[in-house]
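# Understanding the architecture of this molecule
The primary structure of each chain is shown beneath.
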Amino acid sequence: MSHLLSKHQAAVLTLVMPLALIAAAARAQAPATAATDNSAVRAEFVQQIEALEAMPSPALAGSIGEASAALRGYVLYPYLEAQRLRTPLRFGVAADDAAVAALLQRDGDAPWTRELRHDWLVDLAKRRNWQPFLANYLDNRADARLRCERLNALIAAQPPEPGTPSPAAADPLRGAVLDLWTTGAQLPDACVAPFEWARARGWFTPELTEKRARLALQAGNADLADFLLRSLPPESLPALRSWTRLLRTPDRELDAIAAAGPELMRAQEPEAIAAAFSKLGRSNPLNTPPRLDNFIRACGTPCALATPATPAELRREVALGSAWSRLPQTVSAFRAVDDAALDERSHEWRIRAALWAGDWKQANAWLAALPPTLAEQQRWRYWRARGLEKNGDKASARALYEKLAGETGYYPLLAAYRLDRGYMPLPAVSAKDPALQQQLAQKPGMTRVRELWLAGRNEWSSLEWSEQIAALDNAQLVQAARLAQTWGAQVQTVAAASKAQVFNDLELLYPRPFENEVAAASRASGVPSNWIYAVMRQESLYDPRARSRADALGLLQMLIGTARDTARRQQQPLPSAADLFNPEINTRLGALHLRELLERYDNEFVLVLGAYNAGPKPVSRWQPAKDSLDADIWIENVPYNETRSYIQRVIWHSAVFGWRADGAPQKIDKLMHAITPTASGDLP
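The sections below set out a description of the structure shown in this document. (Residues numbered from 1 in each chain as written. Predicted model: local features only at pLDDT ≥ 70, side-chain atom pairs only at ≥ 80, totals over all residues. Heavy atoms only, no water.)

### Thoughts on helix H27 (residues 444-454)
The periodicity of an α-helix, 3.6 residues per turn, causes residues three or four places apart in sequence to face the same way. Of all 11 residues making up H27, nine are buried, and the element is well covered by its neighbours. Restricting attention to buried positions, one finds in H27 the residues Gly445, Met446, Arg448, Val449, Arg450, Glu451, Leu452, Trp453 and Leu454. Positive phi appears at Gly456, one or two residues downstream of H27, with a value of about 85°. (Buried < 20%, exposed > 50% of the residue type's maximum accessible area, 1.4 Å probe, protein only. Helix = DSSP H or I, 4+ residues; strand = E, 2+ residues; numbered from the N terminus.)

Written out as C-alpha cells, the structure reads:
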C-alpha cells in the first residue's frame, strides 16, 4: 500500500500505528471462519480511518490518498466516506454540504451516518443554514441541543408577524417549545433564543413556570429553580423559595423551621422536607437522628406534614442513611420506622443492618416480614437459611441450602459453601445450528459487525450489532451469539445471549481467550488464573481495546497512573497508554496490581475486589470497626450497589472459570475469609 504513504501520511502513521497493533491483538484471538479473507482491505481501512482521526490539520486531508478499488468495494467503505466528510467539522471548518447531503440521502439513518449527521447539523445551526438543517433533521436521533436548534430553524422560517398575534394555542410551534421547556434539567444554550421568543408570546404562563421550577427542585437543581422563580411574584412562592434553601443548606434551614414551630412547617412543601432529611441522612448520618427527633417534636401531635414527609417516612430515610454508613444505632433507627412506611430499599437495608450488627433474632423477624416478591429472591432465601442456622434450626437451614445449591449464581455458590462442599455449575448447552449461523453471517449488517470488530472499531460494531439482533427471535439470537463468538467478539455474544435469556450455557458465556497471557500473568504474580479471568470478564468482557469513561484501559481496565506505579514497584518497563491495549502487558500489570492489593488487604480477596472497583478509600470506610465480620455479611452491606454486584459477580465468575479449568466441584473457602478491621495497610 505504498500508494498511501505520502510524506504527511508517514508522519500521521507514526501516531496511529499503536492503534493498529490493538486491532491486530483482537484479530489474533478471533478463530478462523469460512468468511472471506478481508485482512488486506481491512488493514487499508484501519490505516485510513486512524490517519483521519490522528490528523493534526484539515489541510492534510488530501495526504491520505485515494482509496484502492478493493477498499471502495469493501463493506465498511461507507464508514470511511462518512469520516472523511466529518473530519473538517472537528476543526471548526464547514463540511462539504452537498456531499454530506448526498451521502445522507443515499444511506438514510444508517449507523455510519449518525455521528456525521449530528455534527453536520450542529455546524449548519452555527451557520444558520436552516434549509438543509430541516431537510436532514431526524427527531429520533436528536439530542436536546438539536431539538432546540430545530426550533430556531422553524422560528427563522416564520413569516413576519401581523399586528395582532394569533392565539398561542393555535401556533404549531407551541407544543414543541413547551415539550422541551417542561423539564427540571438544565438545557443547552441553543434553547435560550426559542424560549425567549416563546416568552415574548406569553406561552410561559406563571403556572407553567412554577411547574418547571418544581421539576427542577425535584431534580435537586436549586440554581435553575432560583432562576425560574425570579419571574414569579416572590410573595406567592415562599414555600418554593424555602425549598431551594433547604437543598443548599438543609441543616440550617431545618433547624430554623423547627424553631419557628408548626405554622411554618405547614407552609413547607413536604417533598422539600423529605429531600432535606434524605440529603442530611447521607452526608451527616451521625447528627441527623437527633435533629429529626427535635423536628418531629416541634411538629406537634398529630404532625401536620403530609407524605412524603410524615414522621415515619422521615425516620425511614434517616435510617437508610445510617445503614449506608453502618452506624451502631441503625437497627434501633429501623425499629422506629412504621411498617406502613417501608419500601423495598428499607425492607432490604434493615435486614442488612441487623446482619451487620449480629442481631440474628431481629434479622429473622425482618426476613419473615419481607413482601413475597422479595422473599422469593435467591438473596433473601439464602439469608433466611443463614438465620435458621443461627437460630439452631439446622435441618430447615440445610433443606433451604440444598434447594438453593441446585440453582445457578452467587447465592447458590454461597449455599454450597455453607454445606461445606464444592459447587458444581449446571451448564446447559444451547442448540448449535451451523446452517442458521451461516444464514445470519451472509447478511451485510452481520458482515459489517464482524469487520468492524476485527478492525478494532468496537463502538461502531456494537451499534451495528444492536440493530442486527433487534428483530431476531430467541433461536436466532442464540445462533447470533455463537456466530459472534467465532469472531472473538464476546461483547456481542453476551449481548445476544442475554437478550435470549441464555444464562447457563457456560461454554458460550465463559470462554478462556488469551490463555498464554493469563497463564504467564498468573506465574508472575501468584494470582490464580481463574481470579484473573473473573476480573477480566467483569471488567472488559475480554475486549483488549476496552476504554472506560474514566480512561481505564484494556482487558483488566487499568488506569495509566496505576499501571505505571505498579510497574515501578515491580521493576517492570513503564507502559504507555497504547501498551495497556496489549493483552500481554495488561494482564501482567493487572495481575501484579491484584497481588499488591492482596498483600495490602491480608489476602482478603473480597476487599481486593471492592478496592479494584470502588477504590481503597471507600473500602477503608466500609471496614468493620472492631470485630471480624463474615465475608458474606460484609459483601451484603457494601453500600454501593455497583460495587456489591461487582464483588458478587466476580466471585461467581471465578467459580465458573475454576470449573471450566478442571471440571471439579468448586470451593470458595479462600475467597470467604472473615473481614478484619486491620486489613487496610497502604501500598509502598
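Having seen the structure, we can now continue with the description.
### Some remarks on helix H32 (residues 515-525)
For H32, the full list of buried residues reads Val518, Ala521, Ser522 and Ser525. Viewed end-on, H32 has its buried residues packed into an arc of 100°, placing them on one side of the element. Opposite its buried face, H32 presents the exposed residues Asn516 and Arg523, each directed more than 90 degrees away. Turning to H32, the residues buried within the fold contact helix H33 (529-540) and helix H35 (583-600). Once H32 ends, the next one or two residues include Gly526, with phi positive near 80°. (Arc of directions from axis to C-beta. Contact = heavy atoms within 4.5 Å.)

### Regarding the state of the cysteines
Enumeration over the complete set of coordinates arrives at two disulfides. The residue that forms a disulfide with Cys148 is Cys191, at a sulfur-sulfur distance of 1.9 Å. The chirality of the disulfide connecting Cys148 with Cys191 is right-handed, given an S-S dihedral of about 90°. With Cys148 in helix H8 (residues 144-156) and Cys191 in the loop between helix H9 (173-181) and helix H10 (192-200), this pair connects stretches of sequence that are 43 residues apart. A relative accessible area of 0% means that Cys148 is categorised as buried. Shown here is the disulfide that connects Cys299 with Cys303, its sulfur atoms set 1.8 Å apart. Taking the torsion about the S-S bond as the criterion, the Cys299 to Cys303 disulfide, at about 85°, is right-handed. We classify Cys299 as buried; its relative accessible area is 5%. (Disulfide = S-S within 2.5 Å.)

### Some points on the packing of helix H13 (residues 238-248) against helix H16 (residues 270-283)
Across the interface, H13 lies against H16 with an axial gap of 9 Å and an inter-helix angle of 5°. For the element pair H13 / H16, the angle class is roughly parallel. Contact residues: H13 offers Trp243, Leu246, Leu247 and Arg248, while H16 offers Glu271, Ala272, Ile273, Ala275, Ala276 and Lys279. (Axes fitted to C-alpha atoms, helices over the stretch in contact; angles between N-to-C directions. Parallel < 35°, antiparallel > 145°, perpendicular 65-115°, else oblique.)

### A closer look at unusual backbone geometry
A cis amide bond links Thr301 to the next residue, Pro302, at an omega of -5°. Mapped onto the elements, Pro302 comes out in the loop between helix H17 (288-299) and helix H18 (311-324). With an omega of 10°, the peptide bond between Thr307 and Pro308 qualifies as cis. Phi is positive for Gln501, which is not a glycine, with a value near 60°.

### What about the side chain of Arg545?
Inspection of the secondary structure assignment puts Arg545 in the loop between H33 and helix H34 (560-569). A distance of 2.7 Å separates the side chain of Arg545 from the backbone oxygen of Trp453, its partner in a polar contact. (Polar contact = N/O pair within 3.5 Å; in protein donor to acceptor, adjacent residues only side chain to side chain.)

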